[in-house]
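Working through the structure, step by step
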Amino acid sequence: MALIKCKECGNEISTAAKVCPKCGAVPKRTGCFAKFLLMIVGLSVIGAVVNLLPDSKATEPPDGFHAMKWGAPPGKGLKKKMGPTDDGLSMYVLPDGTKPQPLFDVPVAEEAFSYTGNKFYSGNAWLDGRTNFEKMKAALVKVYGQPSVVNEQLHLWTWKWPSSKIEVNLGYQDNFSRTTVTFVNNGI
(Lines give C-alpha, C1' and ligand atoms only; values in the text may rest on other atoms or scores of the structure.)
Protein backbone atom coordinates (compact mmCIF):
# COMPACT_ATOMS: atom_id res chain seq x y z
CA MET A 1 0.00 0.00 0.00
CA ALA A 2 1.18 3.48 -0.84
CA LEU A 3 1.07 6.53 1.35
CA ILE A 4 -0.54 9.80 0.34
CA LYS A 5 -0.67 13.19 2.06
CA CYS A 6 -3.96 14.28 3.58
CA LYS A 7 -5.20 17.32 1.67
CA GLU A 8 -6.44 18.87 4.92
CA CYS A 9 -3.61 18.45 7.47
CA GLY A 10 -0.67 17.04 5.44
CA ASN A 11 -0.47 13.85 7.52
CA GLU A 12 0.69 10.76 5.59
CA ILE A 13 -2.10 8.19 5.31
CA SER A 14 -2.52 4.85 3.59
CA THR A 15 -4.26 4.80 0.22
CA ALA A 16 -6.62 2.24 1.79
CA ALA A 17 -7.68 4.64 4.58
CA LYS A 18 -11.26 5.85 4.43
CA VAL A 19 -10.49 8.92 6.56
CA CYS A 20 -7.36 10.63 7.86
CA PRO A 21 -6.67 9.28 11.36
CA LYS A 22 -5.32 12.68 12.43
CA CYS A 23 -8.03 15.09 11.25
CA GLY A 24 -10.86 12.87 9.97
CA ALA A 25 -10.85 14.33 6.44
CA VAL A 26 -12.16 12.13 3.65
CA PRO A 27 -9.64 11.61 0.81
CA LYS A 28 -10.95 13.03 -2.47
CA ARG A 29 -10.92 9.60 -4.10
CA THR A 30 -13.70 8.42 -1.77
CA GLY A 31 -16.97 8.02 -3.65
CA CYS A 32 -20.17 9.97 -3.11
CA PHE A 33 -21.90 7.13 -1.24
CA ALA A 34 -18.99 6.72 1.19
CA LYS A 35 -19.00 10.48 1.88
CA PHE A 36 -22.75 10.28 2.44
CA LEU A 37 -22.37 7.42 4.92
CA LEU A 38 -19.58 9.22 6.78
CA MET A 39 -21.70 12.38 7.01
CA ILE A 40 -24.73 10.43 8.32
CA VAL A 41 -22.63 8.60 10.92
CA GLY A 42 -20.98 11.84 11.99
CA LEU A 43 -24.27 13.71 12.25
CA SER A 44 -25.88 10.84 14.19
CA VAL A 45 -23.00 10.72 16.68
CA ILE A 46 -23.01 14.48 17.12
CA GLY A 47 -26.79 14.46 17.47
CA ALA A 48 -26.61 11.83 20.20
CA VAL A 49 -23.73 13.42 22.10
CA VAL A 50 -24.13 17.19 21.70
CA ASN A 51 -27.70 18.30 22.24
CA LEU A 52 -27.21 22.05 22.52
CA LEU A 53 -30.71 23.35 21.88
CA PRO A 54 -34.22 22.13 22.71
CA ASP A 55 -36.14 20.08 20.13
CA SER A 56 -37.51 21.83 17.06
CA LYS A 57 -40.73 23.76 17.48
CA ALA A 58 -43.89 21.73 17.09
CA THR A 59 -43.90 21.21 13.34
CA GLU A 60 -44.68 18.07 11.44
CA PRO A 61 -41.64 16.13 10.26
CA PRO A 62 -41.18 15.87 6.50
CA ASP A 63 -43.03 13.00 4.82
CA GLY A 64 -40.15 12.40 2.41
CA PHE A 65 -37.68 14.27 0.23
CA HIS A 66 -38.85 16.24 -2.79
CA ALA A 67 -41.65 14.14 -4.31
CA MET A 68 -40.30 10.84 -2.91
CA LYS A 69 -42.32 9.60 0.10
CA TRP A 70 -40.83 7.50 2.92
CA GLY A 71 -41.04 3.77 2.17
CA ALA A 72 -41.80 4.22 -1.55
CA PRO A 73 -40.01 2.06 -4.14
CA PRO A 74 -37.42 3.68 -6.43
CA GLY A 75 -38.98 6.17 -8.82
CA LYS A 76 -39.12 5.27 -12.50
CA GLY A 77 -37.19 8.40 -13.45
CA LEU A 78 -34.18 7.48 -11.31
CA LYS A 79 -30.96 5.73 -12.31
CA LYS A 80 -29.34 3.16 -10.03
CA LYS A 81 -25.90 4.39 -8.97
CA MET A 82 -24.93 1.46 -6.74
CA GLY A 83 -26.26 -1.52 -4.84
CA PRO A 84 -27.83 -3.36 -3.46
CA THR A 85 -25.05 -3.95 -0.94
CA ASP A 86 -24.95 -7.03 1.29
CA ASP A 87 -27.24 -5.28 3.74
CA GLY A 88 -29.75 -4.29 1.03
CA LEU A 89 -28.76 -0.63 0.53
CA SER A 90 -29.08 0.96 -2.90
CA MET A 91 -28.48 4.50 -4.11
CA TYR A 92 -30.20 6.15 -7.05
CA VAL A 93 -29.52 9.44 -8.81
CA LEU A 94 -31.19 11.49 -11.52
CA PRO A 95 -30.53 10.35 -15.09
CA ASP A 96 -27.56 11.95 -16.87
CA GLY A 97 -28.34 15.45 -18.08
CA THR A 98 -31.27 15.91 -15.66
CA LYS A 99 -31.03 19.04 -13.55
CA PRO A 100 -32.21 18.64 -9.93
CA GLN A 101 -35.18 20.70 -8.81
CA PRO A 102 -34.50 23.45 -6.25
CA LEU A 103 -35.06 22.56 -2.59
CA PHE A 104 -36.95 25.33 -0.75
CA ASP A 105 -36.15 27.59 -3.75
CA VAL A 106 -32.41 27.03 -3.30
CA PRO A 107 -30.55 25.64 -6.35
CA VAL A 108 -29.38 22.03 -6.01
CA ALA A 109 -26.17 20.88 -7.73
CA GLU A 110 -26.66 17.12 -7.17
CA GLU A 111 -29.01 14.81 -5.36
CA ALA A 112 -29.24 11.15 -4.42
CA PHE A 113 -31.92 8.84 -3.07
CA SER A 114 -31.12 5.91 -0.78
CA TYR A 115 -33.20 2.78 -0.33
CA THR A 116 -33.10 -0.18 1.98
CA GLY A 117 -34.92 -3.24 0.71
CA ASN A 118 -36.36 -1.04 -2.09
CA LYS A 119 -37.93 1.33 0.46
CA PHE A 120 -36.96 4.99 0.33
CA TYR A 121 -35.34 6.09 3.59
CA SER A 122 -32.97 8.97 2.79
CA GLY A 123 -32.51 11.80 0.33
CA ASN A 124 -29.48 14.05 -0.13
CA ALA A 125 -29.08 17.37 -1.85
CA TRP A 126 -25.71 19.03 -2.44
CA LEU A 127 -25.51 22.80 -2.87
CA ASP A 128 -22.59 24.85 -4.09
CA GLY A 129 -21.31 27.99 -2.38
CA ARG A 130 -21.62 29.58 1.04
CA THR A 131 -24.54 31.76 -0.10
CA ASN A 132 -26.68 28.72 -0.90
CA PHE A 133 -25.76 27.21 2.47
CA GLU A 134 -27.02 30.34 4.26
CA LYS A 135 -30.21 30.33 2.16
CA MET A 136 -30.83 26.65 2.98
CA LYS A 137 -30.22 27.15 6.69
CA ALA A 138 -32.70 30.06 6.73
CA ALA A 139 -35.27 28.02 4.77
CA LEU A 140 -34.98 25.04 7.14
CA VAL A 141 -35.37 27.29 10.19
CA LYS A 142 -38.42 28.91 8.59
CA VAL A 143 -40.05 25.54 7.83
CA TYR A 144 -38.96 23.45 10.84
CA GLY A 145 -38.02 26.00 13.51
CA GLN A 146 -34.75 26.13 15.40
CA PRO A 147 -32.57 23.03 15.05
CA SER A 148 -32.35 20.47 17.85
CA VAL A 149 -28.58 20.20 17.53
CA VAL A 150 -26.08 22.85 16.46
CA ASN A 151 -22.32 22.61 16.20
CA GLU A 152 -21.07 25.88 14.73
CA GLN A 153 -17.43 24.74 14.72
CA LEU A 154 -18.22 21.72 12.54
CA HIS A 155 -20.90 23.59 10.55
CA LEU A 156 -23.58 21.01 11.43
CA TRP A 157 -27.27 21.53 12.17
CA THR A 158 -29.86 18.82 12.89
CA TRP A 159 -33.64 19.00 13.18
CA LYS A 160 -35.31 16.15 15.10
CA TRP A 161 -38.86 15.36 16.06
CA PRO A 162 -39.35 13.61 19.41
CA SER A 163 -42.29 11.55 18.14
CA SER A 164 -40.53 10.18 15.03
CA LYS A 165 -37.23 8.83 13.77
CA ILE A 166 -37.03 11.45 11.05
CA GLU A 167 -34.13 13.92 10.94
CA VAL A 168 -33.03 16.71 8.66
CA ASN A 169 -29.28 17.30 8.71
CA LEU A 170 -27.45 20.29 7.26
CA GLY A 171 -23.68 20.43 6.96
CA TYR A 172 -21.23 22.75 5.26
CA GLN A 173 -17.67 21.92 4.17
CA ASP A 174 -15.49 25.02 3.86
CA ASN A 175 -12.74 23.25 1.91
CA PHE A 176 -15.19 22.28 -0.87
CA SER A 177 -17.60 25.21 -0.45
CA ARG A 178 -20.28 22.51 -0.44
CA THR A 179 -23.47 22.03 1.56
CA THR A 180 -25.05 18.65 2.21
CA VAL A 181 -28.73 18.45 3.19
CA THR A 182 -29.93 15.02 4.29
CA PHE A 183 -33.51 14.01 4.98
CA VAL A 184 -33.53 10.60 6.69
CA ASN A 185 -36.14 8.32 8.21
CA ASN A 186 -34.26 6.05 10.63
CA GLY A 187 -37.46 4.07 11.22
CA ILE A 188 -37.42 2.35 7.82
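Per-chain numbering applies: the sequence of each chain, read as written, is numbered from 1 onward. In keeping with the predicted nature of the model, local features appear solely for residues at pLDDT of at least 70, side-chain atom pairs appear and are counted solely at 80 or more, and the whole-chain, interface and lining totals rest on all residues. Side-chain calculation: all heavy atoms of the structure are included, whereas hydrogens and water are not.

In this section: the confidence of the model for the protein. The pLDDT value tells you how sure the predictor is about a given residue, anywhere from 0 up to 100. Residues at a pLDDT of 70 or more form 82% of the protein, whose mean pLDDT is 85. Confidence drops under a pLDDT of 50 for residues 45-57, and excluding neighbours within four residues, the segment shows 27 contacts in the predicted structure. Any two residues whose heavy atoms approach within 4.5 Å at even a single point are treated as in contact.

Nine residue types can take part in a nonpolar core, namely buried Ala, Val, Leu, Ile, Met, Phe, Trp, Tyr and Cys, and a core is a set of them joined through side-chain atoms within 4.5 Å. Each residue is placed in one exposure class: buried if its accessible area under a 1.4 Å probe, protein chains only, is under 20% of its type's maximum, exposed if it is over 50%, and partly exposed if it falls in between. Leu140, Val181 and Phe183 are the most contacted members of the largest nonpolar core, which has 29 residues in total. Each helix is a run of H or I in the DSSP string that is no shorter than four residues. Each strand is a run of E no shorter than two, and both are numbered from the N terminus. Only β7 (110-116), β8 (119-128), α2 (130-144), β10 (156-160), β11 (166-173) and β12 (178-185) provide two or more residues apiece to this core. The contact partners of Val181, leaving out residues within four places of it in the chain, are Leu103, Gly123, Asn124, Ala125, Leu127, Met136, Leu140, Asn169 and Leu170. Counting five residues, the second largest nonpolar core, distinct from the first, contains Ile13, Ala17, Cys20 and Ala25.

Tracing the chain through its elements places Met68 in strand β4 (residues 68-69). Note on Met68: relative accessible area 12%, which makes it buried. Separated by 53 residues in sequence, Met68 and Tyr121 have C-alpha atoms that sit 9.5 Å apart. Sequence-distant contacts of Met68, that is, excluding residues within four places in its chain, are made with Asp63, Pro73, Gly75, Leu78, Phe113, Tyr115 and Phe120.

Side chains of residues three or four places apart in an α-helix project in the same direction, reflecting 3.6 residues per turn. What a helix is expected to span follows from its residue count: subtract one and scale by 1.5 Å. In this model, α2 (15 residues) spans 21 Å end to end at C-alpha, consistent with the 21 Å of a helix rising 1.5 Å per residue. Elements in contact with the buried residues of α2: β8, β10, β11 and β12. Directly after α2, the chain includes Gly145, whose backbone phi takes a positive value near 85°.

Note that the residue after Gly83, namely Pro84, is joined by a cis bond; omega there is 5°. The phi dihedral of Asp105 is positive, around 65°, even though this residue is not glycine. Among the structural elements, Asp105 can be located in the loop between β6 (89-93) and β7. Taking relative accessible area as the criterion, Asp105 reaches 74% and is therefore assigned exposed. Residues other than glycine seldom take positive phi values, yet Asn118 does so here, at roughly 65°. The topology assignment puts Asn118 in the loop between β7 and β8.

Turning next to the pattern of salt bridges. A side-chain nitrogen of Lys or Arg and a carboxyl oxygen of Asp or Glu constitute a salt bridge if their distance falls within 4 Å. In the structure shown here, the tally under the stated rule is seven salt bridges. The shortest N-O distance in the salt bridge between Arg178 and Glu110 comes to 2.9 Å. Taken together, the residues Arg178 in strand β12 and Glu110 in strand β7 connect sequence positions 68 residues apart. When its relative accessible area of 18% is taken as the criterion, Arg178 is described as buried. Judged by its relative accessible area of 36%, Glu110 is partly exposed. Between Arg178 and Asp128 there is a salt bridge whose closest N-O contact spans 2.6 Å. Here the residue Arg178 occupies a position in strand β12, and Asp128 occupies one in strand β8, the gap between them amounting to 50 residues. Here Asp128 falls in the partly exposed class, since its relative accessible area comes to 41%. Among the charged side chains, a network of salt bridges with common partners joins Arg130, Glu134, Lys137 and Asp174.

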